[in-house]
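Residues per chain are reported as follows:
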Amino acid sequence: MKKLMMTIVCLLSALALSALEKWPATSLQYCDAQVQRALKVLSHGDGSYNFSKEPRNILNGDRQKGWNCREAKAEEWCSGFWPGILWMDYGMTHDNAIRRAAEGYTEVLRPLAYQPVYDHDLGFIMINSFMKGYEQTQSEDYRRVLLAAADSLANLYNPKVGTLLSWPRHVKDYGGHNTIMDNMMNLELLFWASAHGGNRYLRDIAISHAITTMRHHFRPDGSCYHVAVYDTLTGNFLRGQTHQGYADNSMWSRGQSWAIYGYTMVYRWTRDKVFLQFAEKVTDIYLRRLRETSDDLVPLWDMDDPRGKAAPKDASAAAVVADALLELQGYVGGDKGEYYKEFALQSLAQLSSEKYQSRRRNVAFLMHSTGHHPAGSEIDASIIYADYYYLEALLRAQNL
């Protein structure tokens, strides 16, 4: 196994060194150019924007090159990704026009921190907007918004179960307390708030959620269910099933990417080796299944889709995994850490190719992502969260 890993490292290193001559610098320049193009399309022509409409997708076959936008509200879980992209771009370019747009698209989300929590996606919305804004501005106002949002999110915690309730509106549908793998991503808001003046209990909730999810949300090989259902009153685990994957026992690629990113992030905040080892486990099964099912480093939307390589890809999952592994590799170190790093760099190089970048086709960064396949939604599309994690990963790669 070690010899095979080193062989792969050497091959990927040769490819990555060649690719690094062209990126991440050129890919970051490309992203900035696409942001500028998108803002031009979104603008009313006088430099103003309808900030209440946040970019979501550009569907396969759309004639327009601009983003399809949705109302910025709690029900729209992707509301924070566009302001997050703008904040990252501002951090890279220091363009004040970009900053003003970032502030506007962020500000419209403020009320969500203070109203009764709708579901777990409040974390996604606030992490990707106000937290990215705080990183660039150190705004005391933004800090207070984030603390309020964390307190609101914590109201979904059920101490009997040990996790946050993901979808309050679906408790009857699932017959109990439901927790989805995506929810691992939202724990960062609780960790961050606890470390920036919030209640210490927020950190305890996040750790409890991570431990309970680790115990019940995964199969023995490290692959995850999308949804774990618990008895609301007793806390007993009832079953694992899917919502957006192909089947209850299949590996939905984006769900596995959430696990990889999520447990890497939990280790960052806790430095508990249990979480580091688990992050490696959920990564290793993803990499093994990817080699078995895909013709490149971008996975099928679900690795068990019976159509095999004819099934749609999901570039968003590849971006999330590359992003996570560029952090995880530093914690793991040694040959395995080097393998993770070179895999991530080569994944980004592939995403930066003609095959996956949108370029002049539309104003997004990437093509070929899959949103909710069972619902027939956003299949082979440009999707805003793919762009967010792609840009975040490129910035990590640059910092290497």
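Computed from a predicted structure; not experimentally measured. (Residues numbered from 1 in each chain as written. Predicted model: local features only at pLDDT ≥ 70, side-chain atom pairs only at ≥ 80, totals over all residues. Heavy atoms only, no water.)

Topic: the overall build of the chain
Stage number 1. Scanning the chain for helices and strands turns up 14 helices and 8 strands.
Stage number 2. Its C-alpha radius of gyration of 20 Å places the chain within 12% of the 21 Å reference for a compact globule of 400 residues.
Stage number 3. The principal-axis extents of the C-alpha atoms in the chain amount to approximately 55 × 55 × 40 Å.
Stage number 4. Counting only residues that meet the buried cut, the chain has 62% of its 400 residues in that class.
Stage number 5. Considering only residue pairs separated by 6 or more positions, the chain has 66% of its internal contacts joining residues 24 or more positions apart.
Stage number 6. Accessible surface, the chain: about 15,400 Å² in total, of which carbon and sulfur atoms supply 50%.
Stage number 7. Of note, the chain has its 43 positive side-chain charges centred 2 Å away from the centre of its 45 negative side-chain charges. (Helix = DSSP H or I, 4+ residues; strand = E, 2+ residues; numbered from the N terminus. Rg over C-alpha atoms; globule rule 2.2 N^0.38 Å. Buried < 20%, exposed > 50% of the residue type's maximum accessible area, 1.4 Å probe, protein only. Contact = heavy atoms within 4.5 Å. Areas by Shrake-Rupley, 256 points an atom, 1.4 Å probe, with all protein chains shown as cover. Lys, Arg positive; Asp, Glu negative; His and termini not counted. Charge placed at Lys NZ, Arg CZ, Asp CG, Glu CD.)

Let's talk about the sheet that holds strand E7 (residues 237-241)
Stage number 1. Spatially, E5-E6-E7 is the arrangement adopted by the 3 strands of the open sheet, whose pairing is antiparallel. Here the strands that pair on one side only, and so sit at the sheet edges, are strand E5 (177-180) and E7. On average, adjacent strands in this sheet sit at an angle of 20° to one another, irrespective of strand direction.
Stage number 2. For strand E6 (residues 227-230) and E7, the ladder comprises 4 bridges, and the chain directions are antiparallel. (Pairing = 2+ DSSP bridges. Axes fitted to C-alpha atoms, helices over the stretch in contact; angles between N-to-C directions.)

A word on the packing of helix H10 (residues 253-270) against helix H12 (residues 315-332)
Stage number 1. The interhelical angle for the contact between H10 and H12, taken along N-to-C directions, is 25°, at an axis separation of 9 Å. Judged by the angle between their axes, H10 and H12 are roughly parallel. The way H10 lies across H12 gives a crossing that is left-handed. The residues of H12 that touch H10, namely those facing Ser253, Arg254, Ser257, Trp258, Ile260, Tyr261, Thr264, Tyr267 and Arg268, are Ser316, Ala317, Val320, Val321, Asp323, Ala324, Leu325, Glu327, Leu328 and Tyr331.
Stage number 2. Split into classes, the residues belonging to the contact of H10 with H12 amount to 11 nonpolar, 4 polar and 4 charged. (Parallel < 35°, antiparallel > 145°, perpendicular 65-115°, else oblique. Left-handed = near helix turned anticlockwise from the far one by under 90°. Nonpolar A, V, L, I, M, F, W, Y, C, P; charged D, E, K, R; others polar.)

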